[in-house]
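Survey of secondary and tertiary structure
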Amino acid sequence: MAKQQSRLADRAQLVPISLYPQTIAQLHEIQRSSGESRGAVVRRLVEREADRLRKVGIPKAPVWTFPSYDASGPRIDARVIYHKKSGEALVFEALGERVRPEPPSGSYVVIGEETDRLHGQVEGTETTDVDGLPMLVITVRELVPPAAYDVPPILFDFVHRLNGDVVSRSAAEISFDPNRTTPSWKLGEHEVRAMLVGPMGQRANHVRFFPFSGPTFQDHLNPVSDYFPVIEIDDVRAREDAADRIVHFLEHGPAQPATADQSFLRWAEAVYVLIHDQLGGNASQSGLSRRFGKAAFICAMDYKPEGDRGIAQFVVQITTGFARGRRRTERYPWRETAATTVAADAIRSYNRLLEDE
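Here we summarise the structure given alongside this text. (Residues numbered from 1 in each chain as written. Predicted model: local features only at pLDDT ≥ 70, side-chain atom pairs only at ≥ 80, totals over all residues. Heavy atoms only, no water.)

Topic: the overall build of the protein chain
To be explicit about the condition: For the purposes of this entry, the term helix denotes a DSSP run of H or I that reaches at least four residues, the term strand denotes a run of E that reaches at least two, and both are numbered from the N terminus. The buried label goes to any residue with under 20% of its type's maximum accessible area, the exposed label to any with over 50%, and the partly exposed label to all in between, with areas taken from a 1.4 Å probe on protein chains only. Contact definition: two residues touch when any of their heavy atoms are within 4.5 Å. Computed with the Shrake-Rupley method and a 1.4 Å probe, the accessible areas treat only the protein chains shown as cover for residues.
A tally of helices and strands in the protein chain yields seven helices and 15 strands. Relative to its 357 residues, the protein chain shows a buried fraction of 39%. Taking the contacts inside the protein chain whose residues are at least 6 apart along the sequence as the reference set, 55% of them involve residues at least 24 apart. With an accessible surface of roughly 20,700 Å², the protein chain has 50% of that area assigned to carbon and sulfur atoms.

As structure tokens, then:
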């Protein structure tokens, strides 16, 4: 008996395997179709995966976790197992200073470069040995973001830190939404949005804040004139000052009501903020003519006497490509029309003008 156990030890080793119910069902299905034992199926699948990894290796990719956190120990190599909704599992060796032991479960994760990112959420971590060295294995479940979702990692991390400052300064139920290109804080009829900006051709590392207020704040109809300085993203003192300003504005509202002219300019600014949400582009532009995507967007009072009655025109004109020169103009009673309505119309016009390009 002892001799038989010795032979078995050379051939097989007991290894704990954790299988999801769906995986167990698939294992049974493979067993019925192939006629193999479950052990043989597992061995064959493991050998096939080992052959694949020998050929292609394990890809390396930058990995960010948000919000960032303080290390609980020394640096350690990390490997990410990314489970897609389709059931496929991708494995990456993590690069970057932002992966530290150990990311809290539920943390938001971004994997890969600018043009090919994967988004997920940490499900758990485990420290194991790989070739005699400790390795942190991070299990991540895929998250599929909305089509318009494109929060830069540096802004995502900043607004989470800023939200911690906001929460510590107010006992009110402030609503925080980080999942937009302009993350926002809302309380009652008041809202503040944050946007990452930077000089043309340079890395964006400053944040601009947009305050809104009024009964129709959800439609961004009433931007206000309260001043929020543009701050550097790594300036802790400026971030804390911004938190004070945000809390004061949300709890007390705007310092001064806007005049008619100011209201129109801020209404137009709100339209441009919303268009930028969808098309991206240079967020540091100013004035009543802006460029986003392949078009120029122009907002102005209509000709008198219509302008005196509060009628504004909004023009979308394609500036590049085969559709260059095509334009569409809409008119709105701007005092009664939500900025979201104008922005949605402008995006719709933009897409239609490009349809036959």
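From this point on, the discussion continues.
A few points about the environment of Pro-101
For Pro-101, the location among the structural elements is in the loop between β3 (89–95) and β4 (108–111). The spatial distance from the C-alpha of Pro-101 to the C-alpha of Pro-74 is 7.6 Å, given a sequence separation of 27 residues.

Regarding the environment of Ala-172
Position of Ala-172 relative to the elements: it lies in the loop between α4 (153–169) and β7 (175–177). A C-alpha to C-alpha distance of 9.2 Å links Ala-172 and Val-247, two positions 75 residues apart in sequence. Apart from residues no more than four positions distant in its own chain, Ala-172 is found in contact with Leu-187 and Glu-251.

Overview of the nonpolar core
Applied cut-off: Here the nonpolar core consists of buried residues drawn from Ala, Val, Leu, Ile, Met, Phe, Trp, Tyr and Cys, with membership extended through side-chain atoms lying within 4.5 Å.
One finds Trp-267, Val-271, Ile-275, Phe-297, Phe-314 and Val-316 to be the most contacted residues of the largest nonpolar core, which totals 33 residues. Those elements that place two or more of their residues in this core are β9 (190–197), β10 (206–213), α6 (260–279), β13 (295–301), β14 (311–318) and α7 (339–354). The element best represented in this core is α6, accounting for nine residues. Every residue in contact with Phe-314, bar those within four places of it in the chain, is listed here: Val-271, Tyr-272, Ile-275, Phe-297, Ile-298, Cys-299, Arg-328, Thr-329, Glu-330, Tyr-332, Val-342 and Ala-346. Judged by nonpolar contacts, the second largest core, of 29 residues, contains Phe-66, Leu-162, Ile-231 and Leu-250.

Considering α4
Since the α-helix advances by 3.6 residues per turn, residues separated by three or four positions end up pointing in the same direction. Defined as follows: Take the residue count of a helix, subtract one, and multiply by 1.5 Å to get its expected span.
Between its terminal C-alpha atoms α4 stretches 25 Å, which fits the 24 Å expected from 17 residues at 1.5 Å a residue. Taken together, the buried positions of α4 are occupied by Pro-153, Leu-155, Phe-156, Asp-157, Phe-158, Val-159, Leu-162, Asn-163, Asp-165 and Val-166.

Quick word on the pairing of β9
Heads up, the rule is: Pairing between two strands requires that DSSP report at least two bridges joining them.
Taken across its eight residues, β9 has eight buried, putting it largely inside the fold. Here four bridges tie strand β8 (residues 184–187) to β9, and the two strands are oriented antiparallel to one another. Within the sheet, the bridge partner assigned to Trp-185 lies in β9 and is Val-192. Where β8 hands over to β9, the hairpin turn is made up of two residues, of which Gly-188 adopts a positive phi near 60°. Pairing of β9 with β10 involves eight bridges; the strand directions are antiparallel. Looking at β10, one finds that Glu-191 is bridged to Phe-212.

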